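# Chains, contacts and geometry: an overview
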Amino acid sequence: MGVLAPVAHADGGGSGGVCNGTSMYVKVCAKGSTSVPDAGGSGDGTGSAGTSSTASSGAPKCTYDRLAPQPPAENLAMQDGKRQGGKGAVYRVWCPDTGRFGVVWIPDGTAPGGPTIDPEVVARRAVDAMKLVGPKVASPRAGGKYVIGMPMWMWVDQTPTTYGPETATATAGGVTVTATAEVSTISWNMGDGTKPVVCNGPGTKYDTSFGRAMSPDCGHVYDTISATEDGRFHGTATATWTVDWRVIGGAGGTGQLTEVRESTFTVNVREVQVLN
């Protein structure tokens, strides 16, 4: 079992050094820009041993926590370390200015410090390249006519840009990131003032053999007609996309972010017409 490093205190400037506090891991603070390793150490007390910080004042500040115990071998960050010779450790990185949270492999003898550009910024550029849009609503149909009190089944057609999975790669500032996006939930606002229906999947397509059964995973029942100016309820389907990203090459690193896309739909709801 390794020996934990003693706790020291940074100079308060955020340019490097071990942060205040104790835990099962060593916490290091650094600017999220550039940290230049120095095998001999600066010896001036302005940073951790072997580090001289040249981060600009406008760079995002990040905190790096050395994980103890280290993740299992199948962890992506550990695999990055193996490709680099296996001499180093995995750190948890947190950049409050940008909201970035993830893990990264940092080789031994290299002071923790962010790359010249936050990988999450590059990941968001990859997301932009995906051209993600709102759900492709298949039901309710715009030209359909529905009846109050009858179960309505909602579902969406799945395409890469409306549901996923969709993958893209972006490069900026010497950092290359691959991101994969997929819809995790869809929130349906039915337009009748009721609580939104949150579905954890695309919904189940209705078949006449189901009769009057409720949808097993994404349904709603209107209890009033759509007595609006145009005779329709106006609803929205809001998809929450989960995006997992990973840095290719270099020190590696992984993270996750969310994106939201919305589509609109209309529903014509009427009463049952009874003939005497």
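Residues numbered from 1 in each chain as written. Predicted model: local features only at pLDDT ≥ 70, side-chain atom pairs only at ≥ 80, totals over all residues. Heavy atoms only, no water.

## Notes on the overall build of the protein chain
This is how the line gets drawn: Helical segments are the DSSP runs of H or I of at least four residues, strand segments are the runs of E of at least two, and each set is numbered from the N terminus. Exposed residues in this analysis have more than 50% of their type's maximum accessible area, buried residues have under 20%, and partly exposed residues fall in between, with area computed by a 1.4 Å probe over protein chains only. We call two residues in contact whenever any of their non-hydrogen atoms come within 4.5 Å of each other.
Secondary structure assignment for the protein chain yields 2 helices and 16 strands. Put simply, the protein chain has 276 residues, and 40% of those count as buried. Contacts in the protein chain between residues at least 24 apart in sequence constitute 63% of all its contacts with a sequence separation of at least 6.

## Notes on the pairing of strand β6 (residues 100-107)
Put simply, the rule is: When DSSP locates at least two bridges between a pair of strands, those strands are taken to pair.
Of all 8 residues in β6, 6 are buried, a share of seventy percent or more. Here 8 bridges tie strand β5 (residues 88-95) to β6, and the two strands are oriented antiparallel to one another. Its bridge partner lying in β6, G88 is registered against P107. Hairpin connection, β5 to β6: the antiparallel pair is bridged by 4 residues, and G99 has positive phi, about 85 degrees.

## Some thoughts on the nonpolar core
Definition in use: Residues grouped as a nonpolar core are buried Ala, Val, Leu, Ile, Met, Phe, Trp, Tyr and Cys residues, joined through side-chain atoms within 4.5 Å.
Core analysis: the biggest nonpolar cluster contains 38 residues, and I186, W188 and V267 have the highest contact counts within it. Looking at this core, the elements that each hand over two or more residues are α2 (119-130), β11 (166-172), β12 (175-189), β13 (197-199), β15 (233-248) and β16 (254-270). Judged by nonpolar contacts, the second largest core, of 8 residues, contains A89, V93, C95 and I106.

## Describing the side chain of T254
Looking at the secondary structure, you find T254 in strand β16. Look past the residues within four positions of T254 in its chain and what remains in contact with it is L76, F101, G102, V103, W245 and R246.

## Side note on helix α1 (residues 76-83)
Here is the rule we go by: This arc describes the spread of directions from the helix axis toward the C-beta atoms.
Of the positions making up α1, those classed as buried are A77, D80 and G81. All buried residues of α1 lie within an arc of 100 degrees about the axis, which places them on one face of the element. Across α1 from its buried face, at more than 90 degrees, point the exposed residues K82 and R83. Next to the buried residues of α1 lie β5, β6 and β15. Immediately downstream of α1, the backbone of G85 shows phi near 110 degrees, a positive value.

## Some points on the side chain of S139
Inspection of the secondary structure puts S139 in strand β7 (residues 136-139). Setting aside its immediate chain neighbours within four residues, S139 contacts Y146, W153, M154, W155 and W188.

## Observations concerning the pattern of salt bridges
Formally: Take a side-chain nitrogen of Lys or Arg and a carboxyl oxygen of Asp or Glu: if they are within 4 Å of each other, that pair is a salt bridge.
Summed over all chains, the structure comprises 3 salt bridges. One salt bridge connects R124 with E120, and the closest N-O pair in it is separated by 3.1 Å. One end of the pair is R124 and the other is E120, both in helix α2 and 4 residues apart, which spans about a single turn. Among the residues examined, R124 registers a relative accessible area of 34% and is labelled partly exposed. What makes E120 buried here is its relative accessible area of 4%. Counted as one network, the salt bridges with shared partners bring together E120, R124, E259 and R261.

## Let's talk about the confidence of the model for the protein chain
Note the threshold: pLDDT is defined as a per-residue confidence score from the predictor, taking values between 0 and 100.
Put simply, the protein chain has an average pLDDT of 77, and 73% of its residues get 70 or more. Long-range and interchain partners of residues 1-58, a stretch whose pLDDT sits below 50, account for 106 contacts in this model, where long-range means more than four residues apart.

## Brief notes about the state of the cysteines
How we decide: Here, the term disulfide refers to a pair of cysteine sulfur atoms separated by no more than 2.5 Å.
Applying the stated rule across the entire model yields 1 disulfide. The residue that forms a disulfide with C199 is C218, at a sulfur-sulfur distance of 2.1 Å. Disulfide C199 to C218: torsion about the S-S bond roughly 85 degrees, handedness right-handed. Residue C199 is located in strand β13, and its partner C218 is located in the loop between β13 and β14 (219-221); the two are separated by 19 residues in the primary sequence. Taking relative accessible area as the criterion, C218 reaches 1% and is therefore assigned buried.

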